[in-house]
Amino acid sequence: MAPFSRVGASSKPGAIQVRQWRKNKAIEAARLLQMASLLQASREVFISQRKLIGRLQDALDARLPTRPAPGIGYERQFTEVFAIFTPEERELHRLIRSITEHGLRPLNLAMSDWLSADITYRNSREVGTARGRLAWKLNPLDTHLRLWHAKYAAWIPEYPEHALVYLADEEDHGLGFPVGLDATVKEVLGRMGGSSPSEKANAHGT
């Protein structure tokens, strides 16, 4: 019976290690799922806002066909004619602005909080891997959001004619949103169901 007792005793630390590894992975996955949810919500809110922007632009194009100068972005177009909006146009503009204030801004603040608390994904140096690509995108996201918050503070609260906070449009006020971030987050999440180091060792008979 002694040999079996020794085997049981020696295998217990390995089991604890595996459980801890799984717990840590679950925590990491939950954190990244939170970011994935924020990105999805932000994308959906942005798409909803763009539909309203299209409606306002169509209304202005129909009423003021010679209005927009070449190369002028949405925000500049809207501010130039803000004073002569019809009631319907003013309502659309108010909704667009409200989405910036109460839709996009809370989501951007939540993403900034996530990035400030992250000690796992932004520091990855795994070159050529999904985690490495994620780190390469998360750090520009942090810069983008800081610039977004700065422009919001200068652009929105005291100026009702402004409705949008864009950085990489025709005005070129800052760094754009990292391209492909959503897909990279999903890729990393998809790779997080692998075996623990101890399980891999056991599978290879070591």
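Please read these numbers as outputs of a predicted model, since none were measured by experiment.

What follows covers the nonpolar core. Core analysis: the largest hydrophobic core is formed by 20 residues, its most contacted members being L32, Y121, L134 and L138. Elements with a contribution of two residues or more to this core: α1 (2-63), α3 (87-117), α4 (130-155) and α5 (181-190). The element contributing the most residues to this core is α1, with 6 residues. Once you skip the residues sitting within four places of it in the chain, L32 turns out to touch W114, Y121, L134, V185, V188, L189 and M192. Ranked by size, the runner-up nonpolar core spans 14 residues in total, among them L52, F82, I96 and A163.

So, about the packing of α4 against α5. The interhelical angle for the contact between α4 and α5, taken along N-to-C directions, is 140°, at an axis separation of 9 Å. It follows from the interaxial angle that α4 and α5 lie oblique. By crossing handedness, the relation of α4 to α5 is classed as left-handed. Contacts between α4 and α5 involve A130, R131, R133, L134, K137, L138 and L141 from the former and L181, T184, V185, E187 and V188 from the latter. Residues belonging to the contact of α4 with α5 are distributed by class as follows: 7 nonpolar, 1 polar and 4 charged.

What follows is about the packing of aromatic side chains. Here the structure, examined in full by the defined rule, presents 5 aromatic pairs. When the centroid spacing of 5.5 Å and the interplanar angle of 20° are considered together, the rings of W148 and Y152 count as stacked. Taken together, the residues W148 and Y152, both in helix α4 and 4 residues apart, mark about one turn of the helix. Classification of W148 by relative accessible area gives buried; the value is 4%. Sitting over the face of the ring of F82, R90 holds its NZ or CZ atom 4.8 Å from the ring centroid. Geometry around W155 places K151 over its ring, the cationic atom sitting 4.7 Å from the centre.

Among all positions in α5, only L181, T184, V185 and V188 are buried. Axial view of α5: buried residues confined to an arc of 100°, hence all on one face. In this structure, α5 carries A183, K186 and G190 as exposed residues pointing more than 90 degrees from its buried face.

What follows covers the pattern of salt bridges. Pairing between side chains of opposite charge can happen when their charged atoms approach one another. Taken as a whole and judged by the stated rule, the model has 8 salt bridges. Across the salt bridge formed by E187 and R133, the nearest N and O atoms sit 2.7 Å from each other. Taken as a pair, E187 in helix α5 and R133 in helix α4 lie far apart in primary sequence, 54 residues in all. The exposure class assigned to E187 is partly exposed, which follows from its relative accessible area of 27%. A salt bridge links E187 to R191; the nearest nitrogen and oxygen atoms lie 3.4 Å apart.

This next bit is on the confidence of the model for the protein. Averaged over all residues, the pLDDT of the protein equals 84, while 78% of them reach at least 70. Taken element by element, the predicted model of the protein shows its lowest mean pLDDT in helix α6 (residues 197-203) (38) and its highest in α3 (97). This stretch, residues 194-206, has a pLDDT under 50; its non-local contacts, to residues over four places away or in other chains, come to 11 contacts.

What counts, and where the lines are drawn
- Residues numbered from 1 in each chain as written.
- Predicted model: local features only at pLDDT ≥ 70, side-chain atom pairs only at ≥ 80, totals over all residues.
- Heavy atoms only, no water.
- Core = buried A, V, L, I, M, F, W, Y, C linked by side-chain atoms within 4.5 Å.
- Buried < 20%, exposed > 50% of the residue type's maximum accessible area, 1.4 Å probe, protein only.
- Helix = DSSP H or I, 4+ residues; strand = E, 2+ residues; numbered from the N terminus.
- Contact = heavy atoms within 4.5 Å.
- Axes fitted to C-alpha atoms, helices over the stretch in contact; angles between N-to-C directions.
- Parallel < 35°, antiparallel > 145°, perpendicular 65-115°, else oblique.
- Left-handed = near helix turned anticlockwise from the far one by under 90°.
- Nonpolar A, V, L, I, M, F, W, Y, C, P; charged D, E, K, R; others polar.
- Phe/Tyr/Trp six-rings, centres within 6.5 Å; stacked < 30°, edge-to-face > 60°.
- Lys NZ or Arg CZ within 6 Å of the ring centre and 35° of its normal.
- Arc of directions from axis to C-beta.
- Salt bridge = Lys/Arg side-chain N within 4 Å of Asp/Glu carboxyl O.
- pLDDT = per-residue confidence, 0-100.

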